[in-house]
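The lines below spell out each chain.
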Amino acid sequence: MAILSRQLPPLGTLVVFEAAYRLRNFSRAGDEVALSQASVSRQIRQLETNLGIKLFDRQRHDVVPTAEGEALAATVHLTLRELAATAGRLRESSKTSKRFTIFSDISIASYIITPVLNEFQQKHPNLQLRVLSSYDPIEIVTDNIDIAFQVGDSKDERFHTEAIADDAVFPVCSPTFAASLPTPPTINEFLKLPLLHLEDLGRGWPDWQEFLASYNVENNQKINGLTFNSYQVCLDVAERGEGIALGWARSVQSKIDEGKLVRLSDMVMQLPNSIYTYRSKLAKPNEVVEEFINTVRTHIQPVKV
């Protein structure tokens, strides 16, 4: 710990730095952290001296982060956010609370979480159920959460994870786009069509390269096409007829039933152990959490492929 203390910069300066970086102004940062503009300036200088680098270019009214400041800000933001989240969880764990908070991918919330809420609430009428659904991964959410569900296992050391359901992916596009093709494409012909890509975000999501490889298509070149960091946006673009996306069977089925998207072929890539539960390792054992997971399990249907 002595070595760590020598390596770390003055911790009090990091909160001030984060505010100055975000607000681009020492005076506004001072207002946020309850310090004068002069005190903010002194703390930033102290941090710069400790690191031996310049963090901001000072302008007449505002400040602009240097490249080194940008690099530090990325780490400081994540670290402080995680520290705040952990502190919040610890505070909540010390209270007697009847609130039960569930976090989920938006797509999972619609086809796994919402169908069981009424049944679970009837069993626990005094429990205040709170459902948070977001495109953000659980790793960056700061709310105190009892149980979370998302696609993929991030291997984050802060969480106990457990697979609860399989899934599958297959090519989907708009009915208009499908009708514009003379025949359903063969697996090799997909490389010639506009493909829509989804960023992995570190969760092992399959991409077009993996999908084609599962059908023994050898392709060492990068597959061109639009790339999105939001699965829903990717599907929206496919729905507008601008390309072909890989749709997760459980979440895309509603759009297929509504006629907004169609399967472009009968090709499919099975995804065993695709949907995971996430529980904080700091949380105390909770029978309600176990009961909710079991309730979800009993309602999960086999994936339609």
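Residues numbered from 1 in each chain as written. Predicted model: local features only at pLDDT ≥ 70, side-chain atom pairs only at ≥ 80, totals over all residues. Heavy atoms only, no water.

With respect to the overall build of the protein
Per the secondary structure count, the protein includes eleven helices and eleven strands. Relative to its 305 residues, the protein shows a buried fraction of 43%. Contacts spanning at least 24 positions in sequence make up 77% of the contacts within the protein whose residues lie at least 6 apart. Distance from the positive charge centre (32 side chains) to the negative charge centre (37 side chains) of the protein: 7 Å. (Helix = DSSP H or I, 4+ residues; strand = E, 2+ residues; numbered from the N terminus. Buried < 20%, exposed > 50% of the residue type's maximum accessible area, 1.4 Å probe, protein only. Contact = heavy atoms within 4.5 Å. Lys, Arg positive; Asp, Glu negative; His and termini not counted. Charge placed at Lys NZ, Arg CZ, Asp CG, Glu CD.)

Quick notes on helix α10 (residues 249-257)
In terms of burial, α10 is largely enclosed, as seven of its nine residues are buried. The complete set of buried residues in α10 reads A249, R250, S251, V252, Q253, K255 and I256. The inward-facing, buried residues of α10 contact α6 (106-123), β6 (159-173), α9 (231-239), β9 (245-248), β10 (262-263) and β11 (269-280).

Observations concerning the packing of α9 against α10
At a closest axis distance of 12 Å, the pairing of α9 and α10 adopts a crossing angle of 30 degrees. In terms of orientation, α9 and α10 fall into the roughly parallel class. Crossing hand, α9 versus α10: right-handed. Facing Y231, Q232, L235, D236 and E239 of α9, the residues of α10 in contact are S251, V252 and K255. The residue inventory of the contact of α9 with α10, partitioned by class, reads three nonpolar, two polar and three charged. (Axes fitted to C-alpha atoms, helices over the stretch in contact; angles between N-to-C directions. Parallel < 35°, antiparallel > 145°, perpendicular 65-115°, else oblique. Left-handed = near helix turned anticlockwise from the far one by under 90°. Nonpolar A, V, L, I, M, F, W, Y, C, P; charged D, E, K, R; others polar.)

Describing the pairing of strand β3 (residues 99-105)
Each regular strand shows side chains that alternate between the opposite faces of the sheet. In terms of burial, β3 is largely enclosed, as six of its seven residues are buried. Bridge count between β3 and strand β4 (residues 128-134): seven bridges; the pairing is parallel. Residue F103 lies in a different strand from β4, and its bridge partner there is L132. Of the crossover connections in this fold, the one passing from β3 over α6 to the parallel β4 is right-handed. (Pairing = 2+ DSSP bridges. Right-handed = clockwise from strand over helix to strand, strands pointing away.)

Observations concerning helix α3 (residues 26-33)
Each full turn of the α-helix corresponds to 3.6 residues, which orients residues three or four apart in the same direction. What α3 keeps buried is the set F26, A29 and G30. The arc that holds the buried residues of α3, viewed along the axis, is 105 degrees, so those residues lie on one side. Contacts made by the buried residues of α3 are with α2 (11-23), α4 (37-51), β1 (56-58) and β2 (63-65). With a side-chain oxygen lying 2.9 Å from the backbone nitrogen of S27, the N-terminal cap of α3 falls on N25. Within two residues after α3, A34 carries a phi angle of roughly 60 degrees, on the positive side. (Arc of directions from axis to C-beta. Polar contact = N/O pair within 3.5 Å; in protein donor to acceptor, adjacent residues only side chain to side chain.)

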